[in-house]
Amino acid sequence: MRLILLGPPGAGKGTQARFICQTCGIPQVSTGDMLRSARAEGTPLGRMAESIMARGELVSDEIVVGLVKERLAQPDCEAGFLFDGFPRTIPQAEAVLEAGIEIDRVIEIQVDDDEVVRRITGRRVHEQSGRVYHVLFNPPRVPDRDNETGEPLTQREDDREETVRDRLEVYRRQTQPLIRFYTELSRRAPLEYRAVNGVGDVDAVMQDVLKALGD
Ligand code: ADP
Ligand code: ADP
């Protein structure tokens, strides 16, 4: 299975990606997580990406495509992979095609703007592991503590309400055109396109996502 999860920031891509990857035994390739690790390690790439990410803008296509190609060269991607947060622009999607990276299925998770804002502003993360919680919708057992390690949770700098509106605008301008791109591609390539309603509790959405994977 070679999959793409598409949808606005906060749609629940990362949350669903974890389930899909466990179920299908494929690695999750999240460009957001990769960029955040580079930032935490203080690599030149991470330092460069830091301020762009804090503003909710997109890191350059060339850099992101380079990161993904490197990641796909690892042996664990041979049996498949799930792209989470990539591609995010038409040039990134074209680079995937040009590189001959085949995609079997694109799953779009649909969530309206108000729900996106509620989800993102309540999101809390355990930075070291990438585990994601929500203060109301998916709270940790002990407030503000990671379930596995008990370490403190943090709020991403780009998850404040003022930045979220900007990120939605970036999504609309740069990422939403991918819906049409892949819908059209699905008419002439073996690729399949499925849209799933992302509003509902995590388990209900998961059932729909699994259905969209299997049908
Ligand atoms: P994305 O990767 O698309 O940005 P996340 O998976 O990080 O989204 O989810 C964003 C926030 O919404 C997180 O706080 C997560 O716990 C919460 N969340 C995810 N799925 C749901 C859902 N179905 N209902 C309510 N909250 C959700
Ligand atoms: P979310 O799913 O909440 O939007 P991500 O973790 O996917 O967040 O991305 C966080 C930030 O990392 C983005 O706002 C952007 O700055 C950068 N980023 C992640 N993936 C890409 C990508 N494919 N292209 C460009 N920038 C990206």
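Predicted, not measured: the structure shown is a model, and the values here were computed from it.

**Brief notes about the site of ligand 1**
The immediate surroundings of ligand 1 are formed by 19 residues, with Gly10, Gly14, Thr15, Arg123 and Tyr133 found nearest. Take Gly14: an N or O atom from its main chain is 2.8 Å from an oxygen atom of ligand 1. At 2.6 Å from an oxygen atom of ligand 1 is found a side-chain nitrogen or oxygen belonging to Thr15. In isolation ligand 1 offers 560 Å² of accessible surface; the protein chains occlude 93% of this area. Those elements giving two or more residues to the shell around ligand 1 turn out to be α1 (13-24), β6 (131-134) and α9 (202-214). Looking at the shell around ligand 1 residue by residue, the classes come out as eight nonpolar, seven polar and four charged.

**Side note on the sheet that holds strand β3 (residues 81-84)**
Strand order in this open sheet of five strands is β2-β3-β1-β4-β7, and the pairing throughout is parallel. Since the sheet does not close on itself, it has two edges, and those belong to β2 (28-30) and β7 (192-197), each with one partner. With direction set aside, neighbouring strand axes in the sheet form an average angle of 20°. Note: strand β4 (residues 105-110) against β7, six bridges, orientation parallel. By the bridge assignment, Gln110 is partnered in β7 with Asn197. Contacting β1 (2-6), β4 and β7, α9 crosses the sheet at an angle of about 165° to β7.

**Focus: the site of ligand 2**
In the vicinity of ligand 2 lie 18 residues, with Thr31, Glu57, Arg88, Arg123 and Arg167 positioned nearest. Contact between ligand 2 and Glu57: an oxygen atom at 2.5 Å from a main-chain N or O atom of the residue. At 2.6 Å from an oxygen atom of ligand 2 is found a side-chain nitrogen or oxygen belonging to Arg167. The protein chains hide 96% of the 550 Å² of surface that ligand 2 would expose on its own. For the shell around ligand 2, the class distribution of residues is seven nonpolar, four polar and seven charged.

**Points about the environment of Thr23**
Mapped onto the fold, Thr23 is located in helix α1. C-alpha of Thr23 to C-alpha of Leu210: the two residues are 187 residues apart in sequence and 9.2 Å apart in space. Within polar-contact distance, the side chain of Thr23 engages the backbone oxygen of Phe19 at 2.7 Å.

**Description of empty space enclosed by the protein**
Counted by the stated rule, this structure contains two cavities of 30 Å³ or more. The computed volume of the largest cavity comes to approximately 50 Å³. Considering the residues around the largest cavity, the lining is formed by Arg36, Arg39, Met53, Ala54, Arg156, Glu157 and Asp158. Secondary-structure elements contributing two or more residues to the lining of the largest cavity are α2 (31-41) and α3 (44-54). Grouping the amino acids of the lining of the largest cavity by side-chain chemistry returns two nonpolar, no polar and five charged. Elements with a minimum of two residues in the lining of the second largest cavity: α4 (61-72) and α5 (90-98). The biggest single contributor to the lining of the second largest cavity is α4, with three residues.

**Describing a nonpolar patch on the surface**
A cluster of nonpolar side chains, namely Val135, Leu136 and Phe137, defines an oily patch on the protein surface of about 310 Å² accessible area. Note that Leu136 resides in the loop between β6 and α7 (161-175). Take Leu136: its relative accessible area is 65%, and that puts it in the exposed class.

Parameters and conventions
- Residues numbered from 1 in each chain as written.
- Chains lettered and ligands numbered in written order.
- Predicted model: local features only at pLDDT ≥ 70, side-chain atom pairs only at ≥ 80, totals over all residues.
- Heavy atoms only, no water.
- Near = heavy atom within 4 Å.
- Polar contact = N/O pair within 3.5 Å; in protein donor to acceptor, adjacent residues only side chain to side chain.
- Areas by Shrake-Rupley, 256 points an atom, 1.4 Å probe, with all protein chains shown as cover.
- Helix = DSSP H or I, 4+ residues; strand = E, 2+ residues; numbered from the N terminus.
- Nonpolar A, V, L, I, M, F, W, Y, C, P; charged D, E, K, R; others polar.
- Pairing = 2+ DSSP bridges.
- Axes fitted to C-alpha atoms, helices over the stretch in contact; angles between N-to-C directions.
- Contact = heavy atoms within 4.5 Å.
- 1 Å grid on protein atoms, 1.4 Å probe; cavity = no way out; pocket = protein on both sides within 12 Å on 5 of 7 lines; lining within 4 Å.
- Points joined across faces, edges and corners; volume = space filled by probe spheres on them.
- Patch = residues over 30% accessible without salt bridge, like charges linked within 9 Å, V, L, I, M, F, W, Y side chains within 5 Å.
- Salt bridge = Lys/Arg side-chain N within 4 Å of Asp/Glu carboxyl O.
- Buried < 20%, exposed > 50% of the residue type's maximum accessible area, 1.4 Å probe, protein only.

In short, geometric facts, not functional conclusions.
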